[in-house]
Each structure stands twice: as structure tokens, then as C-alpha cells.
Amino acid sequence: MFVAKTFSGLNQNALRYLLPKWMNAQSGVVLRLGAGTLLFLLYQLLTPRKFPYPKLKDTLLLIFTGLLLVFGYMWTLLEGLTYTTPISSSIFISLQPVFVFIICLIIKTEKATVKKIVGMLIGFGGALLCILTQHGSEIASDPLKGNLLCLSGAVLYAAYLVIEKKFIPRYGSAMVSFLTFGGGTLGAIALVCFTGWNAPVLHSHLFGVPMLVLLFILIFPSFISYLLQDFSLNLLSATVVALYSDLILIVSAIASYILGQDHFSWWQIFAILLMLLSVYMVETSERAPVSGVPQLKSGK
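Thresholds applied
- Residues numbered from 1 in each chain as written.
- Predicted model: local features only at pLDDT ≥ 70, side-chain atom pairs only at ≥ 80, totals over all residues.
- Heavy atoms only, no water.
- Helix = DSSP H or I, 4+ residues; strand = E, 2+ residues; numbered from the N terminus.
- Buried < 20%, exposed > 50% of the residue type's maximum accessible area, 1.4 Å probe, protein only.
- Contact = heavy atoms within 4.5 Å.
- Areas by Shrake-Rupley, 256 points an atom, 1.4 Å probe, with all protein chains shown as cover.
- 1 Å grid on protein atoms, 1.4 Å probe; cavity = no way out; pocket = protein on both sides within 12 Å on 5 of 7 lines; lining within 4 Å.
- Points joined across faces, edges and corners; volume = space filled by probe spheres on them.
- Patch = residues over 30% accessible without salt bridge, like charges linked within 9 Å, V, L, I, M, F, W, Y side chains within 5 Å.
- Salt bridge = Lys/Arg side-chain N within 4 Å of Asp/Glu carboxyl O.
- Core = buried A, V, L, I, M, F, W, Y, C linked by side-chain atoms within 4.5 Å.
- pLDDT = per-residue confidence, 0-100.
- Expected span 1.5 Å × (residues − 1).

Visitor: Quick rundown of the overall build of the chain? Include the residues and the values.
Guide: Along the backbone of the chain there are 12 helices and 0 strands. Out of the 300 residues belonging to the chain, those deemed buried represent 53%. In the chain, of all internal contacts separated by at least 6 residues, the share reaching a separation of at least 24 is 86%. Summed over all atoms, the accessible surface of the chain reaches about 14700 Å², with 73% contributed by carbon and sulfur.

Shown next, in the form of C-alpha cells:
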């Protein structure tokens, strides 16, 4: 999970480097989802099949999930990064565990506690602080628009995680990711047909910086990171895995200051601390045993 979320954190900075000069958001989504679909298909074909093929109903549902949620998440992320900074986008990504809890609360698979509710309010306070205190600059042309897009993307991805968690035990992560990424690719291609294709990065030198950055995005955050996360779910509890989302924010913040993709701001640092506290409160509350309920000990 440390490696997976490190890639995800650097993904924010890599995308910001390419957007919008070397590709627009719509073309970037096509490239990322298309590469992920092909790599997950290749992985599915090269590994022994341990799961049955999905039923037609589930296949269509997973494709529709990709079309609506995976495509929606990646487009709002890339479009948002066009207008805001990697740190700001990472702040909203850190809210994903909170949004997952809210969705589970709605579908009645989780129970609310005072600590969780307070943690969520702190997280939303941090997000609101980021939205209200960030102003336009040469590195963030329209931060309000970009931040709201990233916020909506975090909600969409949280919904995707809830659905993915349901189907992975049935059909395996490779098949589920292949179908959802494939559905997302269809949505991305449809959007490009209306907005037009714009990806000068594909005409750059193979070993030039723009092309190397693109290859990093297509291979590591778009495939390996998702694959490592699925592997980790077999070795760690979902709560521990979710805690690593904080690493995205930390890695992206460090890289942004080093690369000059963001300016230091005490308000931003305060917002980051609020986000980390929010996720910590929600996740530690999730780990706490419920009074009167016997706890099972895990072991080999």
C-alpha cells in the first residue's frame, strides 16, 4: 500500500505537468482508461483463472459502473487539475474514506458514531477551508472550479469502491477492473467525439520528459497502483488499507513544493492537518470494537 499510494500521490503532480499544455482532460482520460483496460486484460489472460466469468447481468452492471463512476472520477480529476493544484486535489482525494462511510451509512452497512460524525465534520471543514482560501494564480487559474470538480470526483470514486468491494470476491480484481475500466473508456471516447482530441504529448520524443511522464501515468498509477491495492486487501484489513490514502496527500504536497507546482500557504497546511485528523477519527472509530459484541482474532 505504501508503494501503491506513493504512485497515486505522484500521479497528481505528473498529471498537472501535462495538463493542459500537453493534453486536455478529455484526451488524458481516454489514454489513461484505455491503457488500464488493455493492461488488466493482459493480466487476466496471463494469470491462471481462479474465478468464474461474470454473469451477463453483472457484466453489464460493471460496465455501466465504469461508464458512470470510473469515467466520471477520472474526468473530474483531470479537469479539476487543469484549474487547481495537485495539493488541493489531493486534499479532496483524502476525503474518500469519509465518503465511503457516508455511502455505507445510507445503504445501512455501517452504523454512525459520535466520533465518526465529528471526524466527517472536521474533514468537510478542511475541504471548505481549502475552497475559500485558495485564490487564482499562475499555477491555479480557477481554483474554485477545480476544487469543486475534484470534490465531486472523490464522491464518484467512493461509490466505485463500494461497488468494487462487492464484486471482487466473486470475479477477481483483474476481471472487475477490466470491465469497469472498459466501461469508462467507452464514456471517455464518447466525450472526445464531442469535444475533440488534443494530445500533443503523443508527438513528443519517446525519451523526452512529456512522454516519460505520460508512460509513468499509464503504467504505474493507472495499473500497478490499482493492482497492488487489490493484493493488499488480501493481506490487510480494509481499514488499514484505507488509512494509506493519507499518503497521497503527503507525497503530492512534498512533490508540489519541490517542483514549484504550488506555493506554501499556512491555510493549506491547516487544511491538510484537518483532513488527516478527519480520516484518523473515522478510521480509528471503525477499528474500535462495538460494546457487547465479541471480537474474533485473526491468525494463520
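There's more to say after this.
Visitor: Hey, could you go over empty space enclosed by the protein for me, with residue numbers and the actual values?
Guide: Considering all chains together, one arrives at 1 cavity of 30 Å³ or more under this definition. One number sums up the size of the largest cavity: a volume of about 180 Å³. Every residue lining the largest cavity is counted, 15 residues in all, and those nearest its centre are Lys5, Ser8, Tyr73, Tyr157 and Ile248. Those elements that place two or more of their residues in the lining of the largest cavity are helix 1 (2-18), helix 9 (209-233) and helix 11 (245-259).

Visitor: Lay out a nonpolar patch on the surface in plain terms, naming residues and giving numbers.
Guide: Taken together, Leu206, Phe207, Leu212, Leu215 and Ile219 make up a surface patch of nonpolar side chains, about 470 Å² in accessible area. Within the fold, Leu212 resides in helix 9.

Visitor: Please provide a residue-by-residue account of the pattern of salt bridges, values included.
Guide: For the structure shown, the criterion picks out 1 salt bridge. Measuring nitrogen to oxygen at the nearest pair gives 3.6 Å for the salt bridge that ties Arg170 to Asp58. With Arg170 in helix 7 (residues 143-171) and Asp58 in helix 3 (residues 56-83), this residue pair connects regions lying 112 residues apart in the sequence. Looking at Asp58, the relative accessible area reads 10%, which means it is buried.

Visitor: Give a detailed account of the nonpolar core, specifying residues and quantitative values.
Guide: For soluble globular proteins, nonpolar side chains are generally found buried alongside one another. In this structure, Leu15, Met23, Leu33, Leu78 and Leu214 are the most contacted members of the largest nonpolar core, which totals 38 residues. When residues no more than four places from it in sequence are discounted, the contact partners of Leu78 are Leu15, Leu19, Met23, Ala25, Gly28 and Val29. Formed by 16 residues, the second largest nonpolar core is a distinct cluster that contains Leu95, Phe101, Ala253 and Leu274.

Visitor: Could you give an account of unusual backbone geometry, with specific residues and numbers?
Guide: Omega for the peptide link from Leu19 to Pro20 comes to -10 degrees, which places this bond in the cis form. By the element assignment, Pro20 lies in the loop between helix 1 and helix 2 (25-46).

Visitor: Just give me the short version of the side chain of Thr59, but keep the residues and values in it.
Guide: Mapped onto the secondary structure, Thr59 falls in helix 3. With a relative accessible area of 17%, Thr59 lands in the buried category. Here Thr59 is in contact with Pro54 and Leu179, once residues within four sequence places are set aside.

Visitor: Tell me about the environment of Ala35, and please be specific about residues and values.
Guide: Residue placement: Ala35 occurs in helix 2. Given the relative accessible area of 16%, Ala35 is considered buried.

Visitor: Could you give an account of the environment of Pro52, naming the residues involved and the relevant values?
Guide: Its place among the elements puts Pro52 in the loop between helix 2 and helix 3. Taking the C-alpha atoms as reference points, Pro52 and Gly172, 120 residues apart in sequence, are found 8.7 Å from one another. Discounting residues that sit within four places of it in the chain, Pro52 has contacts with Arg170 and Tyr171.

Visitor: Any details on the environment of Thr85? Residues and values, ideally.
Guide: Its place among the elements puts Thr85 in the loop between helix 3 and helix 4 (86-93). Since its relative accessible area comes to 0%, Thr85 is described here as buried. Taking the C-alpha atoms as reference points, Thr85 and Arg16, separated by 69 residues in sequence, lie 7.3 Å from one another.

Visitor: Report on the confidence of the model for the chain, specifying residues and quantitative values.
Guide: Summary statistics for the chain give a mean pLDDT of 82 and a share of 85% for residues scoring 70 or more. Helix 10 (residues 238-243) is the least confidently modelled element of the chain, averaging 61 in pLDDT, while helix 2 averages 95, the highest of any element. Note on residues 290-300: pLDDT under 50 across the span, and 2 contacts to partners over four residues away in sequence or across chains.

Visitor: Describe helix 8 (residues 173-195), and please don't skip the residues or the numbers.
Guide: For helix 8, spanning 23 residues, the distance from its first C-alpha to its last is 32 Å, which sits close to the expected 33 Å at 1.5 Å a residue. In the segment just after helix 8, Gly196 is the residue with positive phi, at about 95 degrees.

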